[in-house]
Amino acid sequence: GDSVTQMEGPVTLSEEAFLTINCTYTATGYPSLFWYVQYPGEGLQLLLKATKADDKGSNKGFEATYRKETTSFHLEKGSVQVSDSAVYFCAVFKAAGNKLTFGGGTRVLVKP
Amino acid sequence: NAGVMQNPRHLVRRRGQEARLRCSPMKGHSHVYWYRQLPEEGLKFMVYLQKENIIDESGMPKERFSAEFPKEGPSILRIQQVVRGDSAAYFCASSLDTLDFSPQHFGDGTRLSIL
């Protein structure tokens, strides 16, 4: 079946530092790829997505590019803020089955 | 414009009791998904329902767990004879259409603690 592997956290950064969270996936066919963010005590919120190879998803300063050749969808942000402290989840979706498969999540802590 | 509403937010049960978790999807959404998140882990898919139908329950344990999404009212995830290992956060999500056409919106979860 499909699977998603994320780098383990926690990732601790200073404000304005560069953030990268690695995500690789295993899936047949042409899945869509997502990043979700979970703030403390809340549910998941869609951060960005990409539906085909070489697509770049972006939102709130975060970016991720769908790399089919390396089966990766790494999340990046050039200058993080304390408010970016959260858990980030990478996920894959295939239309057959209509469900998301999530990675284990990466906790990010940004210190002032 | 209410989002996905889950209640209760926190639920405490003793071993052997029943736990009932409720989820009201966003207005107009007919697709509901339940996920379980164990401490410090990712979300694991449990079950996917449309109105009155279970479409995919491949992630739900065969025993003690059941889910429904009746024609009227919220979706219910029921856990009978709870055990310590059932302690987790349970998240519900809904979508207007299948996920290739519409995004999935999550509730804030129910945190179940088993004493």
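It should be noted that the structure appears before, not after, this text.
Residues numbered from 1 in each chain as written. Chains lettered and ligands numbered in written order. Predicted model: local features only at pLDDT ≥ 70, side-chain atom pairs only at ≥ 80, totals over all residues. Heavy atoms only, no water.

Focus: the overall build of chain B
At step 1: Check the secondary structure of chain B and you find 0 helices and 11 strands.
At step 2: Reading the helices (α) and strands (β) of chain B from amino to carboxyl end gives β-β-β-β-β-β-β-β-β-β-β.
At step 3: Here the C-alpha radius of gyration of chain B, 13 Å, is about what a compact globule of 115 residues would show, namely 13 Å.
At step 4: With the C-alpha coordinates of chain B rotated into their principal frame, the extents come out at 40 × 25 × 25 Å.
At step 5: In chain B, buried positions account for 45% of the 115 residues.
At step 6: Of the contacts made within chain B by residues no fewer than 6 positions apart, 53% connect residues no fewer than 24 positions apart.
At step 7: As displayed, chain B offers around 6,000 Å² of accessible surface, 47% of which is attributable to carbon and sulfur atoms. (Helix = DSSP H or I, 4+ residues; strand = E, 2+ residues; numbered from the N terminus. Rg over C-alpha atoms; globule rule 2.2 N^0.38 Å. Buried < 20%, exposed > 50% of the residue type's maximum accessible area, 1.4 Å probe, protein only. Contact = heavy atoms within 4.5 Å. Areas by Shrake-Rupley, 256 points an atom, 1.4 Å probe, with all protein chains shown as cover.)

Structural notes on the pattern of salt bridges
All names here are of chain B.
At step 1: According to the stated counting rule, one finds 9 salt bridges over all chains in the structure shown.
At step 2: A salt bridge links Arg64 to Asp86; the shortest N-O distance between them is 2.7 Å. Linking Arg64 in the loop between β6 (53-56) and β7 (65-68) with Asp86 in the loop between β8 (75-79) and β9 (88-95), this pair joins segments that are 22 residues apart in sequence.
At step 3: Classification of Asp86 by relative accessible area gives buried; the value is 3%.
At step 4: Overlapping salt bridges, with partners in common, bring together Glu18, Arg20 and Arg78 in one network. (Salt bridge = Lys/Arg side-chain N within 4 Å of Asp/Glu carboxyl O.)

What to know about the layout of surface pockets
At step 1: By volume, the largest pocket amounts to about 630 Å³.
At step 2: Around the largest pocket sit 31 residues that line it, and Val87 and Arg107 of chain A together with Gln37, Glu40 and Glu41 of chain B are the ones nearest its centre.
At step 3: Counting only elements with at least two residues in the lining of the largest pocket, the list comes to β1 (3-6), β10 (86-94) and β12 (106-111) of chain A together with β9 and β11 (110-114) of chain B.
At step 4: A class-by-class count of the residues in the lining of the largest pocket yields 14 nonpolar, 12 polar and 5 charged. (1 Å grid on protein atoms, 1.4 Å probe; cavity = no way out; pocket = protein on both sides within 12 Å on 5 of 7 lines; lining within 4 Å. Points joined across faces, edges and corners; volume = space filled by probe spheres on them. Nonpolar A, V, L, I, M, F, W, Y, C, P; charged D, E, K, R; others polar.)

Examining the nonpolar core
At step 1: Residues Leu19, Trp35, Leu48, Phe73, Leu75, Tyr88 and Val108 of chain A are the most contacted members of the largest nonpolar core, which totals 25 residues.
At step 2: Ranked by the residues each element gives to this core, the list is headed by β10 of chain A, at 4 residues.
At step 3: Residues in contact with Tyr88 of chain A, not counting those within four places in the same chain, are Gln6, Ile21, Trp35, Tyr36, Val37, Leu47, Phe62, Leu75, Gly105, Thr106 and Val108 of chain A.
At step 4: Among the nonpolar cores identified, the runner-up in size contains 23 residues, and Trp34, Met60, Val82 and Leu112 of chain B belong to it. (Core = buried A, V, L, I, M, F, W, Y, C linked by side-chain atoms within 4.5 Å.)

Some details on the sheet that holds strand β9 (residues 75-77) of chain A
All names here are of chain A.
At step 1: The 4 strands lie next to each other as β3-β9-β8-β7, forming an open sheet whose pairing is antiparallel. Because the sheet does not close on itself, it has two edges, and the strands there are β3 (19-21) and β7 (56-59). Here the strands of the sheet are splayed against their neighbours by 15° on average, with no regard to which way each runs.
At step 2: Pairing geometry for β3 and β9, over 3 bridges, is antiparallel. Its bridge partner lying in β9, Leu19 is registered against Lys77. (Pairing = 2+ DSSP bridges. Axes fitted to C-alpha atoms, helices over the stretch in contact; angles between N-to-C directions.)

Thoughts on the sheet that holds β7 of chain B
Residues and elements named next belong to chain B.
At step 1: One open sheet accounts for 4 strands, arranged β1-β3-β8-β7; its pairing is antiparallel. The open sheet has two free edges, formed respectively by β1 (5-7) and β7, since each of these has just one partner strand. Looking at each pair of strands side by side, their axes are set apart by 15° on average, direction ignored.
At step 2: In terms of strand pairing, β1 meets strand β3 (residues 19-24) through 3 bridges, oriented antiparallel. Within β3, the residue paired with Met5 across the bridge is Ser24.

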